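As a plain string of letters, each chain reads:
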Amino acid sequence: MTSSTQQSRPETRLPSAPGAEWWRSAVIYQIYPRSFADASGDGIGDLPGITSKLDDLAELGIDAIWLSPFMTSPQKDAGYDVADYCDVDPIFGTLADFDAMLEGAHARSIRVIVDLVPNHSSDQHVWFQAALAAGPGSPERARYIFRDGLGENGELPPNNWESVFGGPAWTRLVEPDGTQGQWYLHLFDSSQPDFDWTNEEVREGFRGILRFWLERGVDGFRVDVAHGLVKADGLPDYTPPADAASMGGDEQNVPYWGQPGVHEIYRDWHGLLAEYDGDRALAAEAWLPSPAKTALWVRSDEMHQAFNFEYLETDWHAPKLRSVIAESLAAYGAVGAPSTWVLSNHDVIRHASRLALTTESPQGNGIGPLSEAQPIPELGLRRARAASSMMLALPGSAYLYQGEELGLPEVVELPDDARQDPTWFRTHGERYGRDGCRVPIPWTADGSSYGFSASGASWLPQPPRWAELARDAQRGQSDSTLSLYRRALAERRTHALGTGSLEWIDEYGDDVVAFRNGAVTVIANVGSTPLELPTDATVLLTSSPLEDGAVGSDTTVWLVGGA
Ligand code: GLC
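About the criteria used
Residues numbered from 1 in each chain as written. Predicted model: local features only at pLDDT ≥ 70, side-chain atom pairs only at ≥ 80, totals over all residues. Heavy atoms only, no water. Helix = DSSP H or I, 4+ residues; strand = E, 2+ residues; numbered from the N terminus. Rg over C-alpha atoms; globule rule 2.2 N^0.38 Å. Buried < 20%, exposed > 50% of the residue type's maximum accessible area, 1.4 Å probe, protein only. Contact = heavy atoms within 4.5 Å. Areas by Shrake-Rupley, 256 points an atom, 1.4 Å probe, with all protein chains shown as cover. Lys, Arg positive; Asp, Glu negative; His and termini not counted. Charge placed at Lys NZ, Arg CZ, Asp CG, Glu CD. Near = heavy atom within 4 Å. Polar contact = N/O pair within 3.5 Å; in protein donor to acceptor, adjacent residues only side chain to side chain. 1 Å grid on protein atoms, 1.4 Å probe; cavity = no way out; pocket = protein on both sides within 12 Å on 5 of 7 lines; lining within 4 Å. Sits in = over half its atoms within 2 Å of the grid points. Nonpolar A, V, L, I, M, F, W, Y, C, P; charged D, E, K, R; others polar. Pairing = 2+ DSSP bridges. Axes fitted to C-alpha atoms, helices over the stretch in contact; angles between N-to-C directions.

S.K.: When you look at the overall build of the protein in this model, what are you seeing that I'm missing?
M.R.: Per the secondary structure count, the protein includes 15 helices and 20 strands. Against the 2.2 N^0.38 benchmark of 24 Å for 563 residues, the protein shows a C-alpha radius of gyration of 23 Å, consistent with a compact globule. A principal-axis box enclosing the C-alpha atoms of the protein has dimensions of 80 × 50 × 45 Å. When burial is assessed residue by residue, the protein has 61% of its 563 residues classed as buried. In the protein, once contacts between residues fewer than 6 apart in sequence are set aside, the share between residues at least 24 apart is 68%. When the accessible surface of the protein is split by element, carbon and sulfur atoms take 51% of a total near 20700 Å². The average position of the 42 basic charges and that of the 80 acidic charges among the side chains of the protein differ by 3 Å.

Here it is in structure tokens:
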């Protein structure tokens, strides 16, 4: 890392003036640890692997990293099934490895956010094991949501709720004495029992977990399924519409999503984080019907940020993009919070494929060889580069998902026997799930796992044509996707776009998203008619080469100056 990079970045622990905290404008890079870099050689990425790549992240120019879970877990849902919230799973390393990674990141002025999974634990968590042993009516069972079944002998589940991963959201126990027993709720896999957040012991337990990681020095938390913790009283039946997204999204009044009782929990956590120095932050993973609803999660005494999934789910369509951007800035601005922007993560089809599918594919279903929806690769990459260039010019905070800076597509051709997402198993292969966006990323054009693993092993097979997408193949090539991201991040910093404001430019017509952010003019041509550039403008960046000096279709340019 160069010393100039170091100088231009703020110290991670210096307090900022209210309104200028780092999380208002940060570019946060999501690391999915099992697929990032594998130092141990077992084919699964780990914390020492992350530490070994911190210089690459500093070179990219991001402000913070968010790590998907690396805590002790049987890995039934790739770590989102936590058995011990205050320890590192041996496949990822040790607490000492975590400390070394954190120190290395902070030394490069990169902040670190960890994933907190409060909606459910693993069924291997000591609390759930104690609940099984203790029996109905016990305080141990009261930490989770156990109920007697319906029907003459309790043979029917307590209500009709479905798991996000498919199948019923309830599983019946065999009690310690061998009889058929109570049912427990799991909105996700049967190995992920939901906590009962009306129980003060659960609340206190999570305060302790927050403190554990804050005291180790983390800069904040990404809160998993933040819209799910509180369930409606009486657990009433609910049947989602047939075309509903698996995590809710556009549904209203769902008895397990977005219940008002969650806000009190986040106010409590807000106060707890404020006891620590350094502007620690909470980011909500909450799939809610609109930015206006999501904005309630980031009122000034609740979370600091929420993922803008409405933006992620917007088609590559200029009027829709303008409208979601305007709606987001207004809704979050009204509560004094930054908007966030995100295009990819470990749960959705990578945007280099998603933005050019032959037909729609609902969120969470994934795509595979037999899906009706198939990506059009070249168009997808061109649009992804244009979309990312537009996103990184917007005021607020942006999230990147590992590998998007390389232009990685969704891996469609995974063999059935390699798939590991519980969605695939619980729907008997009807929904492919999310493995296609989780394939270990390529670092080098050579080597049997493209430099991912010291041994060449990889927990999901990597596709044959990834050599040209490898980081070392793209480094130093001025037209590569990696160079585009580096340029965008550097110019974003130079022109303070993250803390800027947006002023629409209307003169380019309906198929174009054009705006000014401070000194920078951004023109995204989402249509097919080439656009002439203003005279005398200096091009800071273009997502695809200009065509005879004009901005071609599916291309974003950043300009300064010009009439
Ligand atoms: C969140 C995570 C997802 C996980 C689920 C259950 O949506 O992002 O990966 O499967 O929660 O924890």
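S.K.: For this particular structure, what's the right way to read the site of the ligand?
M.R.: Lining the immediate environment of the ligand, one finds 15 residues, of which Asp77, Asp224, Glu285, His346 and Asp347 sit closest. Within the contact set of the ligand, an oxygen atom lies 2.6 Å away from a side-chain nitrogen or oxygen of aspartate 77. The separation between an oxygen atom of the ligand and a polar side-chain atom of histidine 120 is 2.9 Å. In isolation the ligand offers 300 Å² of accessible surface; the protein chains occlude 99% of this area. Of all the cavities here, the one that holds the ligand is the largest cavity. For the shell around the ligand, the residue count by class is five nonpolar, three polar and seven charged.

S.K.: Would you explain the sheet that holds strand β14 (residues 502-504) in this entry?
M.R.: Each strand in a sheet pairs with another by means of backbone hydrogen bonds, the pair being arranged parallel or else antiparallel. Read across the sheet, five strands follow the order β14-β15-β16-β20-β18 without closing on themselves; strand pairing throughout is antiparallel. Of all the strands in the sheet, the pair left with one neighbour each is β14 and β18 (538-542). Averaged over all neighbouring strand pairs, the angle between strand axes comes to 25°, with direction disregarded. Of the pairings in the sheet, the one linking strand β15 (residues 512-517) to strand β16 (residues 520-525) comprises six bridges and is antiparallel in character. Its bridge partner being in β16, phenylalanine 515 is matched across the sheet by valine 522.

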